Amino acid sequence: MTGILAFVEQRDGALKRVSLETLTAARAIADLMQGSVTALVIGPPGVDTSSLGTYGADRVVVVADERLRLYQPGAYTAATAARVREEGPAAAVLSATALGKDLGPRLAARLGCALASDVTALAFEQGQITVTRPVYAGKALLRLRVTGRPSVITIRPNSVTPVERPRAAAVEQGSAMPAEGSVRTVAVKEPPGAKLDVAEASIIVSGGRGLKEPANFALIEELAAAIGGAAVGASRAVVDAGWRPHADQVGQTGKTVSPNLYIAVGISGAIQHVAGMRNAKVIVAINKDKDAPIFKIADYGIVGDLFEIVPRLTQEIKKLRAG
Amino acid sequence: MPLKIAVCIKRVPDTETRIKPGADGKSIDEAGVKFVLNPYDEFAVEEALRRREAAGGGEIVAVAVGPDAAQETIRTALAMGADRGVLLKTDARVVDSLAVARLLAEDLRPGGYDLLLFGKIAVDDSSHAIGPMVAELLGVPCVSAITALDLTESAGSAEREIEGGVEVVEFRLPAVLTVEKGLNQPRYPALKGIMAAKKKPLEVKPVELSGSGIEVLELALPPERRAGRIVGEGPDAVPALIAALRNEAKAL
Ligand SMILES: Cc1cc2nc3c(=O)[nH]c(=O)nc-3n(C[C@H](O)[C@H](O)[C@H](O)COP(=O)(O)OP(=O)(O)OC[C@H]3O[C@@H](n4cnc5c(N)ncnc54)[C@H](O)[C@@H]3O)c2cc1C
Ligand SMILES: Nc1ncnc2c1ncn2[C@@H]1O[C@H](COP(=O)(O)O)[C@@H](O)[C@H]1O
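Residues numbered from 1 in each chain as written. Chains lettered and ligands numbered in written order. Predicted model: local features only at pLDDT ≥ 70, side-chain atom pairs only at ≥ 80, totals over all residues. Heavy atoms only, no water.

1. What to know about the domain arrangement of chain A
Residue and element names in this part refer to chain A.
Stage number 1. By the assigned domains, chain A splits into domain 1 (3-173) and domain 2 (203-322).
Stage number 2. Using only C-alpha atoms to locate each centre, domain 1 and domain 2 end up separated by 32 Å.
Stage number 3. Taken together, the contact pairs seven residues of domain 1 with eleven residues of domain 2.
Stage number 4. Around 720 Å² of area is buried between domain 1 and domain 2 when both sides are counted, 47% of it from carbon and sulfur atoms. (Domains from an automatic or database assignment. Contact = heavy atoms within 4.5 Å. Buried area = accessible area lost by both parts, 1.4 Å probe.)

Here's what the structure looks like:
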């Protein structure tokens, strides 16, 4: 096969939305190399794969086994590597999620091939795949040419917009691998009302030390809820203070995010914070200090007291949604 | 039971650094850049120290692939409390994770380590790759980006953050673990530790890199953000903000 193997991620039997982004990227590259796209789904029996043809898969291979409901590193690596060896794609692409960031390097090491991780753009130039990936936590961009074949590429969530390219994708069953014994995922603990993760959200409302105390994060949560489908992020200052979990931290030692809209509330805009969010498409800053560095990278800013501005913003957005 | 622990550490630019592409257009200009121990590797070193303290003994070896200057980075780990260091010395500026992982795996394989600790990610190349790669090459279990760890003599259980949840993973030793922020709070090297570190053994071994099929075309700064604007002051500016987000930016 000349083409791309797209690893499609499921969570608890449902395809992850981010996989459609990865599939869209796979389709675009495959078209440039006049190749085909095989989508590989590993998970429990009964995953609904009907959207995969819609987003450009020529073939869908399903490796289904109840023991593969959770991410089992050994079995997932073995099954994916076996597919790559069998089909000989130019590249295997995965989403740079918690799963993909673990599986991608294992796969590359097992196949003895190059890995380009967390890429935000792919191209096909002079017969070879080139990728762009943020390095130094987003302070610079590295452009790489992938000369080896196959290669493994993980794609950062929110860097590709899913596009429908309908195909009559034939679905085949792949063989299930028994879970390998020396490492085993035994459970996933989800907090009640599981939250949208900042790394996957297309809108993020983040709060910083300007909120003064943890209880005031309610203002941020209300704004995120009013917008709908927005995740709540945080600066390191408030994570270190124990106000928010580390999973919410945006920045050099937190998550690097690329949402459509990032609203920074009471965040000064330290270089380590900015590194993590400067790739947002639109940045809004609310800060009482007109000289705060965050205003240097914000598209829109309001200078003033967040305790007055944020409730008003929430109220106006609610009005808008209601109207 | 005393453990033998390897900690893989990297010399990286301090997170305060303003990045400037160098004359080759492919790597950073290192003039005036302060280098430090990768922040995530501090968590890995700290975890090794705590495990040794809990076990009442053991050996901790800090291993780095890098230029001569990485000896300083290794001394930092020794000052924190590691017993000895190994520098796999190369001046190559590597972007190829597998090439580095192969060097580390080769050096670690005969070491008889119970635990191989890594940072989750190096804050320069941001690959999140070397730990799982080394585990694969050595054929040992790996749990990446852990935030909690429970160890018995021959096995362990770790937690790792996933989107909106936490995975609980059980594994046998020896194992590779890569460490996320939150697992522990790293100590600062005490003066006594810094003095002691100077006398601890640090072996330097020259190495050759073999690439896996990736090459740098360009290192560039991200496009400057278009100059933004202050839409106003105080809550009365909110309608103007919403209008801008809806009509101009199409972001709401
Ligand atoms: C190795 C290292 C790694 C780091 N990694 C990260 C990282 O990943 N992410 C990160 O965020 N930081 C990181 N930092 C920390 C970073 O340097 C800053 O300390 C941190 O981002 C500051 O958080 P803050 O903006 O919430 O707090 P502050 O800098 O204290 O800013 C608070 C802001 O709130 C404003 N404010 C106060 N009251 C109000 C009000 N009533 N209304 C409106 N505005 C108000 C103030 O004007 C100020 O600008 C790192 C630092 C180091 C050394
Ligand atoms: N040159 C290196 N020498 C030793 N360890 C390294 C090196 N590069 C990366 N590592 C280890 O691998 C982890 C992940 O790095 P990376 O995959 O480059 O993001 C780091 O936190 C280190 O523990």
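The discussion continues.
2. Observations concerning the nonpolar core
All names here are of chain B.
Stage number 1. Residues Leu104 and Leu108 are the most contacted members of the largest nonpolar core, which totals 48 residues.
Stage number 2. Here this core gets seven residues from one element, more than from any other, and that element is helix H3 (residues 97-108).
Stage number 3. Those residues in contact with Leu108 that sit more than four places away from it in its chain are Ala6, Cys8, Val63, Tyr113, Leu116, Phe118, Val134 and Leu138. (Core = buried A, V, L, I, M, F, W, Y, C linked by side-chain atoms within 4.5 Å. Buried < 20%, exposed > 50% of the residue type's maximum accessible area, 1.4 Å probe, protein only. Helix = DSSP H or I, 4+ residues; strand = E, 2+ residues; numbered from the N terminus.)

3. So, empty space enclosed by the protein
Stage number 1. For the structure on display, the rule yields four cavities of 30 Å³ or more.
Stage number 2. If you go around the largest cavity, you meet 34 residues; those closest to its centre are Lys101, Gly254 and Lys255 of chain A together with Lys120 and His128 of chain B.
Stage number 3. Elements with a contribution of two residues or more to the lining of the largest cavity: helix H4 (98-111) and strand S7 (114-119) of chain A together with strand S8 (155-162) of chain B.
Stage number 4. Per element, the largest residue contribution to the lining of the largest cavity is three residues, and it comes from S8 of chain B.
Stage number 5. The residue inventory of the lining of the largest cavity, partitioned by class, reads twelve nonpolar, eleven polar and eleven charged.
Stage number 6. A volume near 50 Å³ is recorded for the second largest cavity.
Stage number 7. Contributions of two or more residues to the lining of the second largest cavity are made by S7 and strand S10 (140-146) of chain A.
Stage number 8. Here the element with the most residues in the lining of the second largest cavity is S7 of chain A; it accounts for three residues.
Stage number 9. Each residue belonging to the lining of the second largest cavity can be placed in one class, and the counts come to five nonpolar, three polar and one charged. (1 Å grid on protein atoms, 1.4 Å probe; cavity = no way out; pocket = protein on both sides within 12 Å on 5 of 7 lines; lining within 4 Å. Points joined across faces, edges and corners; volume = space filled by probe spheres on them. Nonpolar A, V, L, I, M, F, W, Y, C, P; charged D, E, K, R; others polar.)

4. Re the sheet that holds strand S1 (residues 3-8) of chain A
Residues and elements named next belong to chain A.
Stage number 1. Taken in spatial order, the seven strands of this open sheet run S7-S11-S6-S1-S4-S5-S12, and their pairing is parallel. The open sheet terminates on both sides in strands that have one partner only, identified here as S7 and strand S12 (170-173). The average angle at which neighbouring strand axes cross in this sheet is 20 degrees, direction not considered.
Stage number 2. Pairing of S1 with strand S4 (residues 36-43) involves six bridges; the strand directions are parallel. Each residue of the ladder has a partner; that of Ile4, found in S4, is Val37.
Stage number 3. Against the sheet, helix H3 (residues 73-87) makes contact with S1, S4, strand S5 (59-64), strand S6 (91-95) and S12, and its axis sits at roughly 160 degrees relative to S4, the strand it touches most. (Pairing = 2+ DSSP bridges. Axes fitted to C-alpha atoms, helices over the stretch in contact; angles between N-to-C directions.)

5. A few points about the site of ligand 1
Stage number 1. Around ligand 1 there are 27 residues in total, and Ser235, Thr253, Ser268, Gln272 and Asn287 of chain A lie nearest to it.
Stage number 2. Mapping the residues adjacent to ligand 1 onto the chains of the assembly identifies chains A and B.
Stage number 3. Contact between ligand 1 and Gln249 of chain A: an oxygen atom at 2.7 Å from a side-chain N or O atom of the residue.
Stage number 4. The backbone of Lys288 of chain A places a nitrogen or oxygen atom 3.1 Å from a nitrogen atom of ligand 1.
Stage number 5. Protein contact buries 80% of the 990 Å² of open area that ligand 1 shows by itself.
Stage number 6. In the shell around ligand 1, the residues fall into six nonpolar, 15 polar and six charged. (Near = heavy atom within 4 Å. Polar contact = N/O pair within 3.5 Å; in protein donor to acceptor, adjacent residues only side chain to side chain. Areas by Shrake-Rupley, 256 points an atom, 1.4 Å probe, with all protein chains shown as cover.)

6. What about the site of ligand 2?
All names here are of chain B.
Stage number 1. Taken together, 19 residues surround ligand 2, and among them Cys8, Asp41, Val65, Ala122 and Ala129 come closest.
Stage number 2. One of the backbone N or O atoms of Ile9 is found 3.3 Å from a nitrogen atom in ligand 2.
Stage number 3. With respect to ligand 2, the side chain of Asn38 contributes an N or O atom lying 3.1 Å from an oxygen atom.
Stage number 4. Relative to its free-state accessible area of 480 Å², ligand 2 is covered by the protein chains to the extent of 98%.
Stage number 5. Comparing atom positions with the cavity grids shows ligand 2 to sit within the second largest pocket.
Stage number 6. The set of elements that each furnish at least two residues to the shell around ligand 2 consists of strand S4 (58-66), H3 and strand S6 (115-119).
Stage number 7. Residues that form the shell around ligand 2 fall into these classes: twelve nonpolar, four polar and three charged. (Sits in = over half its atoms within 2 Å of the grid points.)

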